[in-house]
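# Structural characterization, general
The residues making up each chain are set out below.
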Amino acid sequence: MDWRTPIASRFATIELPPTLTNGSGIPVIGAICAIGGQPRLESCVFTGNRATRGGAISAVGSTITMSNCTFTANACADSADGCFGAALYGQDAQLSLDGGSVDDNGSCYRGGALYLAGGAATLAEVSVRGKRARFGGGGFGVTGGALTLDRVLVESNTVGLG
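The text that follows walks through the structure, step by step, so that each part is easy to find. (Residues numbered from 1 in each chain as written. Predicted model: local features only at pLDDT ≥ 70, side-chain atom pairs only at ≥ 80, totals over all residues. Heavy atoms only, no water.)

For the chain, the helix and strand inventory stands at zero helices and 17 strands. The buried share of the chain, reckoned over its 162 residues, is 49%. Counting only contacts in the chain whose residues sit at least 6 apart along the sequence, the fraction spanning at least 24 positions is 79%. As presented, the chain carries roughly 6,900 Å² of accessible surface, and 51% of it is formed by carbon and sulfur atoms. (Helix = DSSP H or I, 4+ residues; strand = E, 2+ residues; numbered from the N terminus. Buried < 20%, exposed > 50% of the residue type's maximum accessible area, 1.4 Å probe, protein only. Contact = heavy atoms within 4.5 Å. Areas by Shrake-Rupley, 256 points an atom, 1.4 Å probe, with all protein chains shown as cover.)

Along the chain, the position of Asn 74 falls in the loop between strand 8 (63-72) and strand 9 (75-76). Discounting residues that sit within four places of it in the chain, Asn 74 has contacts with Phe 46, Thr 47, Gly 48, Asn 49, Gly 55, Ala 56, Ala 86, Ala 87, Asn 105 and Gly 106.

Time to look at the nonpolar core. Membership of the largest hydrophobic core comes to 28 residues, with the highest contact counts inside it found for Leu 41, Phe 46, Ile 57, Met 66, Phe 71 and Leu 123. Those elements giving two or more residues to this core turn out to be strand 3 (32-35), strand 7 (57-60), strand 8, strand 10 (88-103) and strand 12 (114-129). Of all the elements, strand 12 adds the most residues to this core, at six residues. Apart from the residues lying within four places of it in its own chain, the contact partners of Leu 123 are Leu 97, Leu 114, Val 128, Phe 140, Leu 147, Thr 148, Leu 149, Asp 150 and Val 152. (Core = buried A, V, L, I, M, F, W, Y, C linked by side-chain atoms within 4.5 Å.)

Another point: the environment of Val 142. Relative to the elements of secondary structure, Val 142 occurs in strand 14 (residues 140-142). Among the residues examined, Val 142 registers a relative accessible area of 37% and is labelled partly exposed. Considering only alpha carbons, one finds Val 142 and Gly 119, 23 residues apart in sequence, at a separation of 9.6 Å.

Counted by the stated rule, this structure contains four salt bridges. The salt bridge partner of Arg 151 is Glu 125, with a shortest N-O separation of 2.8 Å. You can see Arg 151 sitting in the loop between strand 15 (146-150) and strand 16 (153-155) and its partner Glu 125 sitting in strand 12, a full 26 residues away along the chain. Glu 125 sits in the partly exposed class, given a relative accessible area of 46%. Residue Asp 150 pairs with Arg 151 through a salt bridge whose shortest N-O separation is 3.5 Å. The class of Arg 151 is exposed, set by a relative accessible area of 55%. Members of the salt-bridge network, linked through shared partners, are Glu 125, Asp 150 and Arg 151. (Salt bridge = Lys/Arg side-chain N within 4 Å of Asp/Glu carboxyl O.)

The following block contains the structure:
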């Protein structure tokens, strides 16, 4: 299934088809933008989505629970300052990913897999491979917040400048 229009939601639950691809509309939103609420995503595939913050998912003040989700070929719209989290972006959010992968996503300025600006993120039994960031955090970028990794494989992530 090919989604051309991103989903923005303030609802507590978001029901999705199994695959979201090629989302790039509103500059901040790739496939999903959750503002508030508590969406739960299960067995989803996010591929080819682009945005300035969170190529696949941007969460602001939300609690997002994801299980067995796959993120590939998502990217920031640019690798300039202000473009964070090629796959996932959280601002004062609670993010949880249990099972799945965040592999081979495109580049951004900081946080190749995930960028967290306040709040907390927990990843368990996930692989994080092949991310690129121009300035910092080839795999993860955290500015105020807590990142917890539990049985996470992190490899082949690169940074250009520092």
